[in-house]
Amino acid sequence: MGTVYDWLRGLHILAVIAWMAGLLMLPRVFVYHMSAEPGSRMDQVFKDAERRIFSIILNPAMILSLVLGLTLIWYDATYMRPEGWGFLKKPWMITKLAGVVFLLGWHHFLGRSRKRFAADANTRSEKFWRLTNELPFIAAIVMVLAVTTEFGN
Ligand code: HEM
């Protein structure tokens, strides 16, 4: 059945998949939303979709990723790493945590942007949403390779 650590890692990866899905999905919906006439039925459909993506996918998945990630930090330090909490200072882990800080910031930025779309007050261009949509995936590449390679260990 695997160890507690195996389960924690598996659940952490699943939560992160859901978080990433939401982070990549919401700006795509923003782009489609911008072609809808304000006040139209489609405008309302996009507003509802954005609210649901945020409350049903993004927020719960972010909280689960964070809780499981912090539990992994505690489990790692207590049972798995000979250097204990010292692993937090390793280059690969600092890189991973920098990615976490970035994704949390991006998540909050998307939340504020969603509220602006809901109030018909989006000020950013379609190009902005298309270009920045690559950022969370770039962060994910860096974070996943940081934990799998443990570079600089
Ligand atoms: C939300 C805050 C997060 C925290 C506090 C956190 C923390 C951790 C910790 C402590 C580990 C175990 C490292 C080890 O000793 O092997 C881990 C594993 C992992 N994390 Fe995260 N993480 C977070 C978010 C993420 C995100 C956003 C991604 C991907 C984009 C990610 C991908 C992974 C992967 C792929 C593993 C490897 C699992 C394995 O060991 O097989 N994590 N995380």
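This section reports on the structure supplied with the text. (Residues numbered from 1 in each chain as written. Predicted model: local features only at pLDDT ≥ 70, side-chain atom pairs only at ≥ 80, totals over all residues. Heavy atoms only, no water.)

### Concerning the coordination of the iron atom of the ligand
Okay, step 1: Surrounding the iron atom of the ligand are the protein donor atoms His12 (NE2) and Lys96 (NZ), at 1.8 to 2.0 Å.
Okay, step 2: Around the iron atom of the ligand, the six donor atoms sit at angles spanning 82 to 178°, and that spread fits a shape best called octahedral. Placement of the pair is His12 in helix 1 (residues 4-33) and Lys96 in helix 3 (residues 91-118), with a sequence separation of 84 residues.
Okay, step 3: Judged by its relative accessible area of 13%, His12 falls in the buried class. (Donors = N, O, S within 2.8 Å, 3.2 Å for Na, K, Ca; no water. Tetrahedral: all angles 85-135°; square planar, octahedral: opposite > 155°, others 65-115°. Helix = DSSP H or I, 4+ residues; strand = E, 2+ residues; numbered from the N terminus. Buried < 20%, exposed > 50% of the residue type's maximum accessible area, 1.4 Å probe, protein only.)

### A look at the layout of surface pockets
Okay, step 1: Computed from the structure, the largest pocket encloses a volume of approximately 770 Å³.
Okay, step 2: Taken together, 29 residues line the largest pocket, and the ones lying closest to its centre are His12, Val16, Leu72, Lys96 and Val147.
Okay, step 3: When residues of the lining of the largest pocket are traced back to their parent elements, those giving at least two are helix 1, helix 2 (41-80), helix 3 and helix 5 (135-149).
Okay, step 4: It is helix 1 that contributes the most residues to the lining of the largest pocket, eight residues altogether.
Okay, step 5: Of the residues in the lining of the largest pocket, the class split is 20 nonpolar, four polar and five charged. (1 Å grid on protein atoms, 1.4 Å probe; cavity = no way out; pocket = protein on both sides within 12 Å on 5 of 7 lines; lining within 4 Å. Points joined across faces, edges and corners; volume = space filled by probe spheres on them. Nonpolar A, V, L, I, M, F, W, Y, C, P; charged D, E, K, R; others polar.)

### Some remarks on the packing of helix 1 against helix 2
Okay, step 1: Contact geometry for helix 1 and helix 2: axes closest at 7 Å, N-to-C directions at 155°. If you check the angle between helix 1 and helix 2, you find them roughly antiparallel. Here the hand of the crossing between helix 1 and helix 2 comes out left-handed.
Okay, step 2: Across the contact of helix 1 with helix 2, the residue classes tally to 26 nonpolar, six polar and five charged. (Axes fitted to C-alpha atoms, helices over the stretch in contact; angles between N-to-C directions. Parallel < 35°, antiparallel > 145°, perpendicular 65-115°, else oblique. Left-handed = near helix turned anticlockwise from the far one by under 90°.)

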